[in-house]
Amino acid sequence: MSGAQQTRLASQALLTIDLDALIANWRAIAARAAPAQCAAVVKADAYGIGLEPAAQALSRAGCVSFFVAHVAEAVRLRAALGGAPAQIYCLNGLSDDAAEIQTLAGAQAFPVIGSAHEWAAWLKHAPGHEAALHVDTGMNRLGMSAQEAKAIADTPEAACVTLVLSHFASSEERDNPMNAAQIAAFESVRQMFSNARASLANSSGVFLPTAPHYDLVRAGYALYGGNPTPVAPNPMQNVVRVQAPIIQVRNVEAGAMVGYNSTWRAPSPRRLATIGIGYADGLLRSASGTQDKPAAQVYLGDAPCPVVGRISMDLSVIDVTDASLEAAAPGAMVELLGSRISVDDLASRANTIGYEILTSLSRRYFRQYVGG
Ligand SMILES: *Cc1c(COP(=O)(O)O)cnc(C)c1O
């Protein structure tokens, strides 16, 4: 890419994406879901890690089905994949807009039709073209009712439906009774379209004991290293590493306040380091530390160091009292995400989910792709 910065400046935070780990995760899910196929969900810039490098690596590894959310993402994905075989599905459905529908068809992407209204628009603007059908099984977000699907199944145009899908609301909660209810509801709908492939499971759905894999599973979060089985150890490999440099180090007395609004007060004499990363980089402000709440934690070498006080836009402060004196020096890199600090761990400290941590990774990092 012309103009792309080739080397990291010393004060820049670093985002390293391990494409070998991404591929290993895809292979692991594909093996678990076999004989079902494993599609890659690469919406939202592949959950923040970069659509083009992620999709190209997965395509080289043998992935042939991809899900995006937006038509613009489908266009980008088709361009990134060049002539490689790829079925691209657009999850957010179909607008009424003729130009947008032409753009979608031009990218040889398939809409995931979520209502009778969208189905009518598809028949009108792209008659005879293949599409997927999204049937709601209880989430009430996208998707048509079973009755609406039945009405379509009874028409000759139903032959254009080559994939029927639905989406779990709580598949990461293994024992949630809604999973079985959704599987039962999906089962009756997919039988209406006996010539279409069927797809229900997202990452966590793949790991449900009932294995609702059908023909195609749609893995997103787990590909990027998130834990699809939250109460058990993470079976996936870590993909994302975030590191930031120490800018300044200072000693403070007991009682000293740190950061905006003085939300943290040193309980004893402490040694603090200011690091060059903040909420504008995706280190969510909700991971700030107060006296009562554990904040984000970073590693300086092998020493865990808590974030103290408010995370600001470009800066955060960490307590390096327990790290070695030599290690805690300007220019040293600390790790905020990586093999020792998972996306799920940081998310729980920020009162959110790992999906939001990943999709909040900003464009400001120096990005480095390894492997693949
Ligand atoms: C985002 C999404 C997925 C992927 O879910 P993960 O939990 O990230 O694996 C699958 N299906 C649909 C409909 C989605 O919107």
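Residues numbered from 1 in each chain as written. Predicted model: local features only at pLDDT ≥ 70, side-chain atom pairs only at ≥ 80, totals over all residues. Heavy atoms only, no water.

1. Structural notes on the pairing of strand β6 (residues 131-134)
Burial along β6 is two-sided: A131 and L133 and A132 and H134, pointing in opposite directions, are all buried. Where strand β5 (residues 109-113) meets β6, 2 bridges bridge the pair, whose relative direction is parallel. Note on β6: the bridge partner recorded for V112 is A132. You can see the chain leave β6, run along helix α7 (residues 146-153) and come back into strand β7 (residues 161-165), and the turn it takes is right-handed. (Buried < 20%, exposed > 50% of the residue type's maximum accessible area, 1.4 Å probe, protein only. Helix = DSSP H or I, 4+ residues; strand = E, 2+ residues; numbered from the N terminus. Pairing = 2+ DSSP bridges. Right-handed = clockwise from strand over helix to strand, strands pointing away.)

2. A few points about unusual backbone geometry
Note that the residue after A34, namely P35, is joined by a cis bond; omega there is 10°. For P35, the position within the fold is in the loop between α1 (19-33) and β2 (37-41). Although it is not a glycine, D45 sits at a positive phi angle of roughly 60°. Tracing the backbone shows D45 in helix α2 (residues 43-47). With a relative accessible area of 17%, D45 lands in the buried category.

3. What about the pairing of strand β15 (residues 303-308)?
Bridge analysis of strand β14 (residues 297-300) against β15 gives 4 bridges, and the strand direction is antiparallel. If you follow Q297 over to β15, its bridge partner there is P306. Remark: 2 residues form the turn of the hairpin made by β14 and β15, two consecutive strands paired antiparallel; G301 in that turn has positive phi of roughly 60°.

4. Description of the domain arrangement of the protein
Partitioning the protein into domains gives domain 1 (36-224) and domain 2 (240-370). Between domain 1 and domain 2, the C-alpha centre-to-centre distance is 38 Å. On the side of domain 2, 11 residues touch domain 1, which itself brings 9 residues to the contact. The largest contributions to the domain 1 side of the interface with domain 2 come from Y47, I49 and Y221, which together make up 58% of the buried area. Linking D45 and R363 is a salt bridge whose minimum nitrogen-to-oxygen distance equals 3.3 Å. Counting across the interface, domain 1 meets domain 2 through 5 residue pairs in polar contact (both at pLDDT 80 or more). Element by element, the count of residues in the side of domain 1 that touches domain 2 is highest for α2, at 3 residues. Among the residues forming the side of domain 1 that touches domain 2, the class breakdown is 6 nonpolar, 2 polar and 1 charged. (Domains from an automatic or database assignment. Contact = heavy atoms within 4.5 Å. Buried area = accessible area lost by both parts, 1.4 Å probe. Salt bridge = Lys/Arg side-chain N within 4 Å of Asp/Glu carboxyl O. Polar contact = N/O pair within 3.5 Å; in protein donor to acceptor, adjacent residues only side chain to side chain. Nonpolar A, V, L, I, M, F, W, Y, C, P; charged D, E, K, R; others polar.)

5. Let's talk about the packing of aromatic side chains
The tally for this structure, following the rule as stated, stands at 6 aromatic pairs. Seen in terms of ring centroids, Y47 and Y355 are 6.1 Å apart; in terms of plane orientation they differ by 40°. Their pairing is tilted. Note that Y47 is positioned in helix α2 and Y355 in helix α11 (residues 354-359), a separation of 308 residues in sequence. In this structure Y47 comes out as buried when scored by relative accessible area, which is 7%. A network of ring pairs unites the aromatic residues Y47, Y221, Y224 and Y355 as a single cluster. (Phe/Tyr/Trp six-rings, centres within 6.5 Å; stacked < 30°, edge-to-face > 60°.)

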